[in-house]
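As a plain string of letters, each chain reads:
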Amino acid sequence: MPVREIIAAICIIIGMFVFLCATFGVFRFKYVMNKMHAAALGDTMGLFFIVLGLIILSSNVFIIAKFILIILFFWLTSPIATHMIAKVELLTNKDAVERMKDK
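Residues numbered from 1 in each chain as written. Predicted model: local features only at pLDDT ≥ 70, side-chain atom pairs only at ≥ 80, totals over all residues. Heavy atoms only, no water.

Trainee: Would you mind going over the nonpolar core with me for this structure?
Mentor: Here is a general trend for soluble globular proteins: nonpolar side chains tend to be buried in one another's company. Among the nonpolar cores identified, the biggest contains 5 residues, and these are Leu-47, Val-51, Ile-55, Phe-67 and Ile-71. Sorting the residues of this core by element identifies helix H2 (32-57) and helix H3 (61-92) as the ones contributing at least two each. Ranked by residue count, the leading element in this core is H2, at 3 residues. (Core = buried A, V, L, I, M, F, W, Y, C linked by side-chain atoms within 4.5 Å. Buried < 20%, exposed > 50% of the residue type's maximum accessible area, 1.4 Å probe, protein only. Helix = DSSP H or I, 4+ residues; strand = E, 2+ residues; numbered from the N terminus.)

Trainee: Help me understand helix H1 (residues 3-28) in this model?
Mentor: Because an α-helix completes one turn every 3.6 residues, residues spaced three or four positions apart along the sequence face the same direction. For H1, spanning 26 residues, the distance from its first C-alpha to its last is 37 Å, which sits close to the expected 38 Å at 1.5 Å a residue. Residues of H1 that are buried: Ala-8, Cys-11, Gly-15, Val-18, Ala-22 and Gly-25. Buried residues along H1 sit in contact with H2. (Expected span 1.5 Å × (residues − 1). Contact = heavy atoms within 4.5 Å.)

Trainee: Got a minute to help me understand the packing of aromatic side chains in this structure?
Mentor: Any two aromatic rings considered together are summarised by their centre-to-centre distance and by the angle between their planes. Counted under the stated rule, the structure contains 2 aromatic pairs. For the pair Phe-48 and Phe-49, a centre-to-centre distance of 5.5 Å together with 65 degrees between the ring planes defines the contact as edge-to-face. Using a relative accessible area of 28% as the deciding quantity, one classes Phe-48 as partly exposed. Consider the rings of Phe-48 and Trp-75, whose centres lie 5.5 Å apart with planes at 25 degrees: the pair is stacked. Note that Phe-48 is positioned in helix H2 and Trp-75 in helix H3, a separation of 27 residues in sequence. (Phe/Tyr/Trp six-rings, centres within 6.5 Å; stacked < 30°, edge-to-face > 60°.)

Below you can see the structure in the form of structure tokens.
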């Protein structure tokens, strides 16, 4: 097995582990803001490692460029979506501010 495939497999396994941890974080935490934080960080880093593994496996320059565009698009849109979810939570849940002050 070439070294390139081993490094790619390690990156993909790390990405899947990060996704798994984020999934447990979403189900473990009680409040929406905590769940959202676990999901936002987990999917960004998990996607990065999986796509990095796919980039290492790929030999076509155009496919690598598409993978880089996928990462850039996701890194630009994920914080905006997370911010919108947080804003909706604060506007609709009146107890959210008191829960954040307690901790």
